[in-house]
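# Observations on chain architecture
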2 protein chains.
Amino acid sequence: MSKHHSCLVRQFESHENLEEDEIELLLRLERSPERFEAEQDLWRAGEGPADELAVMSKGWAYGYVDHPDGKRTINDIYLPGDVIGLHEYPLDSHQTSVRALKESTICRFPHKHLDDIFELSPKLTRMFFKVACLQQVILINRTLHTYHQAADHRVAHFMCEMYARLARTNPDLANKFNLPLTQEHIASTLGMTSVHVSRTISQLSQENLMFRQRDIITIPDLEVLRRFTAFDISQY
Amino acid sequence: MSKHHSCLVRQFESHENLEEDEIELLLRLERSPERFEAEQDLWRAGEGPADELAVMSKGWAYGYVDHPDGKRTINDIYLPGDVIGLHEYPLDSHQTSVRALKESTICRFPHKHLDDIFELSPKLTRMFFKVACLQQVILINRTLHTYHQAADHRVAHFMCEMYARLARTNPDLANKFNLPLTQEHIASTLGMTSVHVSRTISQLSQENLMFRQRDIITIPDLEVLRRFTAFDISQY
DNA sequence: CGGGGTGTTGACTCCAATCAAAGGTTGTGG
DNA sequence: CCACAACCTTTGATTGGAGTCAACACCCCG
């Protein structure tokens, strides 16, 4: 039952159980799958109209902005089951660009579909509201534990977040999981340089807190890492 | 018409015009005014149940978290017309503490009232959704232009944000406005030390970008400051 | 007037950025 | 199946911006 094949449905069912007709309504958002190659943009910051959202059906993507000095800031990583661009609902043009990290399937849908849900199902409305709020809770946790902390805590917190978010749609996630991000990506996400990410990760490895080889992350003891970076799992 | 006495209503009307019955529904959220003295907490992080939201009717408040090492992070400043704790809607306990900055009037209301709005008015639902999303847009702009930038840009961007948010309910805001925050508060908000805030502000003053004396901020040319820190007014 | 919170200034330290070069890995085509 | 190129990662040396520590100046306010 909760083992639905759609990650979006699994994401929602991890919050609350759904009836058949609610699942129907949700699946409507995933009706137009588009395939994206690695490094392909879904849309670009500043461009409009931003009258569509998207569901990440399969793969990995990230939201980013390029600065005049050539640096890039990644503001979010999108996983299967995530709604992309939900926060841009009130805007006329896109706040951030979105790019696939590897071959991915993404389904665009018009704002209208969301408005329809607001009309048709107070329960799904509540759940969408929760999903949107949860994104904000996560953002705030980043400001609390990532932006205003030392480098080792930042990296550790980021890994805990990725684990927690992946676990929501993959309840049986092992302590060894795939994270197809280069150190460059991680650096752009955490606001540091890739050189320093490298040094920080090797330091964390020496302390046996986490390991990384290419895209495989290993966290020997999740509980220890969580305590290290004051990560509160109940908020993800 | 748009000159309603309630800041919350003005906030909503700045997005879209409201009918009488919608205003009624909104005003229901402001029915239990409570007075808070400076430095008084509305609620504390970690405490629960978080089954109430609040409307900032009058005054100033801030959301914060205290870290084990004694440092404090301020994650948001609340202005009249703001909904406090909206993002905590999916949580069981409060993510952050909220404290009045000076004598303030704040109205608590139960989650239930929000759920009722979802049932009764798709239009208000859409608008609440927009308000919640806009908070997220603002958070993301902070990560883009505040957290990952040099100190002078951070302070400048923060001032632009405060101006823009105040202007939403005070359309005639002058280039000289009240900001009852100490440099210590600003430092906790931007993740820097009060010493460095002091140095940065005096640097910005020398460059004629902004001035501060106690709680009076003066921005000689808003447009110049905006360009300096790549502030996009259309997103506030 | 005095005193506590607030703001300023200087000297010093340190974490992370920068610059630079050398290893590793992956994948592609000959 | 090897070789080479492109990208990613590691490591070292140096620089610089912001933190820290500390003393002093400035207001308000009582």
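Residues numbered from 1 in each chain as written. Chains lettered and ligands numbered in written order. Predicted model: local features only at pLDDT ≥ 70, side-chain atom pairs only at ≥ 80, totals over all residues. Heavy atoms only, no water.

### Looking at the pairing of strand β8 (residues 104–110) of chain A
Pairing geometry for strand β1 (residues 33–36) of chain A and β8(A), over 4 bridges, is antiparallel. Bridging from a neighbouring strand, Glu34(A) pairs with Ile106(A) of β8(A). (Pairing = 2+ DSSP bridges. Helix = DSSP H or I, 4+ residues; strand = E, 2+ residues; numbered from the N terminus.)

### Describing the protein's contact with DNA strand D
In the vicinity of DNA strand D there are 17 residues, among which Gln183(A), Ser198(A), Arg212(A), Thr193(B) and Arg199(B) approach most closely. In the interface set of DNA strand D, defined as its atoms within 4 Å of the protein, sugar plus phosphate atoms amount to 69%. Within the side chain of Arg212(A), an N or O atom sits 2.6 Å from a phosphate oxygen of DNA strand D. Here a phosphate oxygen of DNA strand D sits 3.2 Å away from a polar atom, N or O, in the side chain of Lys71(B). (Near = heavy atom within 4 Å. Polar contact = N/O pair within 3.5 Å; in protein donor to acceptor, adjacent residues only side chain to side chain.)

### Points about the protein's contact with DNA strand C
Contacts to DNA strand C come from 17 residues, most closely from Ala151(A), His196(A), Gln183(B), Ser198(B) and Arg212(B). What you see for DNA strand C is that sugar and phosphate hold 75% of its atoms within 4 Å of the protein. Contact distances for DNA strand C include 3.0 Å between a phosphate oxygen and a backbone N or O atom of Ala151(A). At a separation of 3.5 Å, a phosphate oxygen of DNA strand C approaches a polar side-chain atom of His196(A). Breaking the surface near DNA strand C down by element, the ones donating at least two residues are α7 (194–206) of chain A together with α7 (194–206) of chain B.

### A few points about the sheet that holds β8(A)
Residue and element names in this part refer to chain A. Taken in spatial order, the 4 strands of this open sheet run β1-β8-β3-β6, and their pairing is antiparallel. Each edge of the open sheet carries a strand with a single partner, namely β1 and β6 (83–84). Pairing analysis gives 6 bridges linking strand β3 (residues 52–58) to β8, with the strands arranged antiparallel. The residue bridging glutamate 52 from the neighbouring strand is proline 110, located in β8.

### Brief notes about the confidence of the model for chain A
Averaged over chain A, the pLDDT score is 95; the fraction of residues at 70 or greater is 99%. Averaged pLDDT values over the elements of chain A bottom out at 94 in helix α2 (residues 20–27) of chain A and peak at 98 in β6(A). (pLDDT = per-residue confidence, 0-100.)

### Section: the packing of helix α2 (residues 20–27) of chain B against helix α4 (residues 122–147) of chain B
For any two helices packed against each other, one specifies the inter-axial angle together with the distance between the axes. All names here are of chain B. Direction vectors running N to C along α2 and α4 enclose 55°, while the axes themselves pass 10 Å from each other. Comparing the axis directions of α2 and α4 gives the class oblique. As α2 packs across α4, the resulting crossing turns out to be right-handed. On α4, the residues that touch Glu22, Leu25 and Leu26 of α2 are Lys123, Leu124 and Phe128. Residue classes in the contact of α2 with α4 are distributed as 4 nonpolar, no polar and 2 charged. (Axes fitted to C-alpha atoms, helices over the stretch in contact; angles between N-to-C directions. Parallel < 35°, antiparallel > 145°, perpendicular 65-115°, else oblique. Left-handed = near helix turned anticlockwise from the far one by under 90°. Contact = heavy atoms within 4.5 Å. Nonpolar A, V, L, I, M, F, W, Y, C, P; charged D, E, K, R; others polar.)

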